[in-house]
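# Structural description and commentary
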Amino acid sequence: MNSSECSLTLGIWQDTCVPGDVAANLAAVSGAAATAAGRGVELLVFPECFLTGYFNSGGAEAVARKVDKNVINSLHGIAKTNAIALLVGLYELRPSGVHNAALLIGANGEPLATYRKRALYGEWERTEFMPGKAPVLVEYRGIRIAVLICFDLEFPELARECARNGADLIAVPTALMEPFGCVARHLVPTRAFENQVYVAYANRTGRESGIRYHGHSSICGPDGNRLVSAKDSGPELLVATVASSTVAVARRGCCHVAEAARLGLY
């Protein structure tokens, strides 16, 4: 099938999770996958560090050690049992240190890629995590998927890199907190429009160690319009269809792309 004819049913799972309780969060992933599969979702995106909790003050390495081979195998099993691809945020322990990462698993339970957050936010993240060094681009069912994590998307250079690499979709696990709601309201659709890509922004909700998460997850089309969006609180499943032909049409019709190419920027 020509890539211009491909589409994917995309889901975002907006919810809270339990800091440090990997078993409880794994159960939540399992339940969410079953619910989303029942809605026909082919790829389900979870928030940043959903499996581990985002803010585990001073204990990131200890929590990362809980994400062992059995836990990763369980994630693979959840994907395969429900025949749904998953993008799950988690702490990843490597010899070089702990990473804020997102694991992409295919519907057959096979791992497709791991993206490691490159733009670490604030002193706490820079203390607890090692920065990633490389972009990720995976073609899945004809849709070219790039991954960024939260603060990464706030740098136009990283989103443009995804587009220049050929992405149709930028999937973004995030833990956007108050008072930065302007990112969800304004920056996310802007990144979609300026790059003519879909942006799936999967945010947390609820509270964690004094942090209030903003919610307002969304899936934006390559024209910058929101296809679906969530409220600011409570669990919610968002579903939309991503079509590579829509990306192609948007890019042909957008003078920004042609001008950027002329200037050597795209």
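Just so we're clear, the structure is a prediction, and the values are computed from it rather than from any experiment.

The strand order β6-β7-β8-β9-β12-β13 describes an open sheet built from six strands, whose pairing is mixed. A single partner strand is all that each edge strand has here, and the edge strands are β6 (137–140) and β13 (226–229). Across the sheet, the axes of successive neighbouring strands diverge by a mean angle of 20 degrees, strand direction being ignored. Where strand β12 (residues 218–220) meets β13, three bridges bridge the pair, whose relative direction is antiparallel. When the bridges of β13 are listed, C220 appears paired with R226. Running at roughly 150 degrees to strand β9 (residues 198–202), helix α6 (residues 181–195) makes contact with β9, β12 and β13 of the sheet.

Ranked by internal contacts, the top residues of the largest apolar core, which has 53 residues, are L43 and L153. If sequence neighbours within four positions are ignored, L43 has contacts with L8, T9, L10, G11, I84, A85, L86, L87, L104, I145 and L169. Core analysis: the second largest hydrophobic core is formed by 41 residues, L90, A101, I105 and W124 among them.

Bringing the pattern of salt bridges into the picture now. Evaluated as defined, the whole model comprises eleven salt bridges. For K117, the salt bridge is made with E125, and the minimal N-O distance between the two is 3.0 Å. As far as burial versus exposure is concerned, K117 and E125 are alike and both buried. Linking E194 and R191 is a salt bridge whose minimum nitrogen-to-oxygen distance equals 2.6 Å. In this pair, E194 and R191 both sit in helix α6, three residues apart, roughly one turn of the helix.

Outside of glycine, negative phi angles account for most residues, and trans bonds account for most peptide bonds. In this chain, E178 is followed by P179 through a cis amide linkage whose omega measures 10 degrees. Topologically, P179 is positioned in the loop between β8 (169–173) and α6. Even without being glycine, A83 reaches a positive phi, approximately 50 degrees. For A83, the position within the fold is in the loop between α3 (69–82) and β3 (85–94). One non-glycine residue, R141, adopts positive backbone phi at about 50 degrees.

Definitions and cut-offs
Residues numbered from 1 in each chain as written. Predicted model: local features only at pLDDT ≥ 70, side-chain atom pairs only at ≥ 80, totals over all residues. Heavy atoms only, no water. Pairing = 2+ DSSP bridges. Helix = DSSP H or I, 4+ residues; strand = E, 2+ residues; numbered from the N terminus. Axes fitted to C-alpha atoms, helices over the stretch in contact; angles between N-to-C directions. Contact = heavy atoms within 4.5 Å. Core = buried A, V, L, I, M, F, W, Y, C linked by side-chain atoms within 4.5 Å. Buried < 20%, exposed > 50% of the residue type's maximum accessible area, 1.4 Å probe, protein only. Salt bridge = Lys/Arg side-chain N within 4 Å of Asp/Glu carboxyl O.

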